[in-house]
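# Results of the structural survey
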Amino acid sequence: MKTTNTYAGIPEAYAVPEKSKIVLIPVPYDGTSTWKKGADKGPEAFLAASENMELYDIETNSEVYKEGIYLSQAVTENSTPEAMVEAVAEKVKKYLNRNKFVTLFGGEHSISIGAIRSFAQFYENLTVVQIDAHADLRKSYQGSSCNHACALYEASQTTNLIQVGIRSMDQSERTVMNEDNVFFAHEMANDAYWVEQAVERMTDNVYITIDLDGFDPSILPATGTPEPGGLLWYETLDFLKEIFQSKNVVGFDIVELCPDPSLFASDFLAAKLYYKMLSYKFQSNEIEDLEDNDNDFSDKGLKNNAKFLNDGE
Ligand SMILES: [Mn+2]
């Protein structure tokens, strides 16, 4: 399913696993989506768009790919939703254990369940920031707790979950929802301070999960269940920039790209969003590297590190 051997066609020298600070795990899974199918084609379209994107970021004056981006083998386990979630969790764990900055591209939103499970085991007091049109807080749906409609239920129980851009949910999800940590789209539209308020609710270690349907369908139509009234490009970047500057972002995923050849601008938005997030993450690295050369994770709230050291990989 890879279009090239490296992410965005970057030179091999920046794409070898040993030297890469960043790992990208594609998860082309679409087992439980209920409306429009096609999120399994998301990683391929994202990678193709990434190849046609400039790799110099004007805003940060950086070429973040030089930090090294290793494109891992895709997770293709799809026998059951539970098996897929477990396969994602194992893969994420393997690279966390190697001190990589782990990123994923889906696939439908249920792929985040396994990713968040491993991040929450690895980092103390983890905050999960979810940008999404849908709350995704059902405990189970159509017979599985690993359905895309349940993508954030486990995170709501195990992490400090902050939900942003929500504008579609079932009434029953209110019983699970921590409304102090929810930024509904209709409220954000009339509140100039939502970014500050959301950041105030975060602990130091932050994982970000972006369901592309969180964006407004006017700028991202190619997704399985579009909803009007979503986030626009620059307000999203301002929010993300604020998180990357003030918190320790430990990893992220982007999900629910459902490519359609007539809507290929969506693929390019996803590609640019991914690269922007890496650019924000590593933009101050040159300065940090001068001050402190070793790239360890001490003082950053690692926990249960030891249990990851035994998985033989
Ligand atoms: Mn979602």
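Preceding this paragraph is the structure being described.
Residues numbered from 1 in each chain as written. Predicted model: local features only at pLDDT ≥ 70, side-chain atom pairs only at ≥ 80, totals over all residues.

## Here's the deal with the overall build of the protein
Secondary structure assignment for the protein yields 9 helices and 8 strands. Looking at the protein as a whole, 50% of its 313 residues qualify as buried. In the protein, the share of contacts with a sequence separation of at least 24, taken over all contacts with a separation of at least 6, comes to 78%. (Helix = DSSP H or I, 4+ residues; strand = E, 2+ residues; numbered from the N terminus. Buried ≥ 20, exposed ≤ 12 C-beta atoms within 10 Å, placed from the backbone. Contact = placed C-beta atoms within 7 Å.)

## Some words on unusual backbone geometry
Cis geometry marks the peptide bond from Gly 106 to Gly 107, where omega comes out at 15°. Structurally, the position occupied by Gly 107 is in the loop between strand S3 (101–106) and helix H3 (111–122). The backbone phi angle of Asn 61 is positive, close to 50°, even though this residue is not glycine. Along the chain, Asn 61 falls in the loop between helix H1 (42–51) and strand S2 (69–71). A positive phi is found at Asp 136, a non-glycine position, where the angle reads about 55°. With respect to the helices and strands, Asp 136 occurs in the loop between strand S4 (127–131) and helix H4 (153–158). Classification of Asp 136 as buried rests on a count of 28 C-beta atoms within 10 Å.

## Structural notes on the nonpolar core
In a soluble, globular protein the nonpolar side chains are often hidden away together inside. Formed by 95 residues in total, the largest nonpolar core has its most connected members in Ile 69, Phe 119, Val 129, Tyr 207, Ala 270 and Tyr 274. A per-element tally of this core places helix H8 (residues 265–282) first, with 10 residues. If sequence neighbours within four positions are ignored, Val 129 has contacts with Ile 162, Val 164, Met 202, Val 206, Ile 208 and Ile 243. (Core = buried A, V, L, I, M, F, W, Y, C linked by C-beta atoms within 7 Å.)

## Side note on the packing of helix H2 (residues 81–96) against H3
For the pair H2 and H3, the least separation of the axes is 7 Å and the interaxial angle reads 40°. If you check the angle between H2 and H3, you find them oblique. The handedness of the crossing between H2 and H3 comes out as right-handed. Judged by residue contacts, Val 85, Glu 86, Val 88, Ala 89, Val 92, Lys 93 and Leu 96 of H2 engage Ile 111, Ile 113, Gly 114, Ala 115, Arg 117, Ser 118, Phe 119 and Phe 122 from H3. (Axes fitted to C-alpha atoms, helices over the stretch in contact; angles between N-to-C directions. Parallel < 35°, antiparallel > 145°, perpendicular 65-115°, else oblique. Left-handed = near helix turned anticlockwise from the far one by under 90°.)

## A few points about H3
Its 12 residues give H3 an end-to-end C-alpha distance of 18 Å, which sits within 8% of 16 Å, the value for a rise of 1.5 Å per residue. Listing the buried residues of H3 in full gives Ile 111, Ser 112, Ile 113, Gly 114, Ala 115, Ile 116, Arg 117, Ser 118, Phe 119, Ala 120 and Phe 122. (Expected span 1.5 Å × (residues − 1).)

## Some details on the environment of Ser 262
Checked against the element boundaries, Ser 262 lands in the loop between strand S8 (248–255) and H8. For Ser 262, a count of 7 C-beta atoms within 10 Å puts it in the exposed group. For the pair Ser 262 and Ala 222, spaced 40 residues apart in sequence, the C-alpha separation works out to 9.1 Å.

Note that every value here comes from positions in space, so none of it alone points to a role or purpose.
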